[in-house]
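Observations on the model geometry
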Amino acid sequence: MLGVVALMVGLGMGIAAVRIALFGTGMALPAGPDAVEGRVGEGETVEVPAGAPLIYGEVKLTRPGSRAMEQSWSQLVGSPEVTVQTQGGQVQARLPTPDEWRGDVPVDVLERLETVEGLPVLGDIADEVRLRMQPPFTVLVRGLRAGDPILAERCGDTLMNVYVGERAELEQWLARRERDRWPVVVLLGAMALVSLALGVRGLRA
């Protein structure tokens, strides 16, 4: 039984390695008539703990180095309904959540905080934080502000496949991602070979 499982895992990893090697990351900058390229227009903003006020984004509170779910808290702030100023005029659309954005999305950081009292957004949950988490805290803020460049694909009133940054920067970012895929291909290939070898040995045992 274990031999069969090892063979299946090995085959899965091998297929994944081949797909990544042949097709790359599968990411490409939006192009064509549905592509929206421009800068975020002026809009109502929200004060955040780090950086300038956001039009739309996310505030995350965590502890340094912590990966436990109970050791983090996050909240979306602002409105996803934005205006994008393009060369052809203004486009009004709805953004997906920040965890779906791509590119080198800027992140403002506050580290080694002993309390969140008095901070925008976080000050309202100070009592909850004291019950759930122990200092020091790290605050991560990512989002869009007026003037930030974005490139996306429009689907009705919604923006999809959203990239944050200038086109030239995004092309460099994608090129780095493509280069970085090769170590992953090698690792998956090696793990596939090991799993297949264990599977064959298990079946012969």
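Located above this text is the structure these notes cover.
Note that this is a predicted model, so its numbers are computed, not measured.

**Quick notes on the sheet that holds strand E3 (residues 72–78)**
The strand order across the open sheet formed by 4 strands is E3-E2-E7-E6, and the pairing between neighbours is antiparallel. A strand with exactly one partner marks an edge of an open sheet, and here the two such strands are E3 and strand E6 (107–113). Neighbour-to-neighbour, the strand axes of this sheet turn through a mean angle of 15 degrees, independent of strand direction.

**Details of the packing of aromatic side chains**
The description of an aromatic ring pair uses the distance of the two centres, along with the angle that the planes make with each other. Scanning all chains against the criterion turns up 2 aromatic pairs. An angle of 75 degrees between the planes, with centres 6.2 Å apart, marks the rings of Tyr-163 and Trp-173 as edge-to-face. Of this pair, Tyr-163 sits in strand E9 (residues 158–164) while Trp-173 is found in helix H3 (residues 167–204), placing the two residues 10 residues apart along the sequence. For the pair Tyr-163 and Trp-173, a shared accessibility class is recorded, and that class is buried.

**Describing the pattern of salt bridges**
Close approach of charged atoms allows side chains of opposite charge to pair. Applying the stated criterion across every chain yields a total of 6 salt bridges. The closest approach of N and O atoms between Glu-81 and Arg-94, which form a salt bridge, is 2.7 Å. In this pair, Glu-81 is assigned in strand E4 (residues 81–86) and Arg-94 in strand E5 (residues 89–94), connecting sequence segments 13 residues apart. Its relative accessible area of 40% is what places Arg-94 among the partly exposed residues. The partner of Arg-145 in a salt bridge is Asp-108, with the nearest N and O atoms 2.9 Å apart. Remark: Asp-108 occurs in strand E6 and Arg-145 occurs in the loop between strand E7 (137–144) and strand E8 (149–155); sequence separation between them is 37 residues.

**Some thoughts on the pairing of E5**
In this sheet, E5 lies alongside E4 in antiparallel orientation, the contact comprising 6 bridges. By the bridge assignment for E5, Thr-86 is matched with Gly-89.

**Here we look at the nonpolar core**
Val-59, Leu-61, Val-116 and Leu-122 are the most contacted members of the largest nonpolar core, which has 19 residues in total. Only strand E2 (56–62), E3, helix H2 (126–132) and E7 provide two or more residues apiece to this core. Sort the elements by how many residues they give to this core and E7 lands first, with 3 residues. If sequence neighbours within four positions are ignored, Val-116 has contacts with Leu-61, Leu-122, Gly-123, Ala-126, Val-129 and Phe-137.

**As for the environment of Ile-150**
With respect to the helices and strands, Ile-150 occurs in strand E8. Dropping the residues within four chain positions of it, Ile-150 is found in contact with Val-36, Glu-37, Gly-38, Val-40, Val-84, Leu-95, Leu-144, Leu-159, Tyr-163, Val-164 and Gly-165.

**Concerning unusual backbone geometry**
Going from Pro-135 to Pro-136, the amide bond is cis rather than trans, its omega being 5 degrees. As for its position among the elements, Pro-136 is in the loop between H2 and E7. Its identity is not glycine, yet Arg-112 carries a phi of approximately 55 degrees, on the positive side. For Arg-112, the position within the fold is in strand E6. Here Arg-112 falls in the exposed class, since its relative accessible area comes to 60%. At Asn-161, a residue that is not glycine, the phi angle is positive and equals roughly 50 degrees. Tracing the backbone through its elements, the reader meets Asn-161 in strand E9. Its relative accessible area of 25% is what places Asn-161 among the partly exposed residues.

Definitions and limits used
Residues numbered from 1 in each chain as written. Predicted model: local features only at pLDDT ≥ 70, side-chain atom pairs only at ≥ 80, totals over all residues. Heavy atoms only, no water. Pairing = 2+ DSSP bridges. Helix = DSSP H or I, 4+ residues; strand = E, 2+ residues; numbered from the N terminus. Axes fitted to C-alpha atoms, helices over the stretch in contact; angles between N-to-C directions. Phe/Tyr/Trp six-rings, centres within 6.5 Å; stacked < 30°, edge-to-face > 60°. Buried < 20%, exposed > 50% of the residue type's maximum accessible area, 1.4 Å probe, protein only. Salt bridge = Lys/Arg side-chain N within 4 Å of Asp/Glu carboxyl O. Core = buried A, V, L, I, M, F, W, Y, C linked by side-chain atoms within 4.5 Å. Contact = heavy atoms within 4.5 Å.

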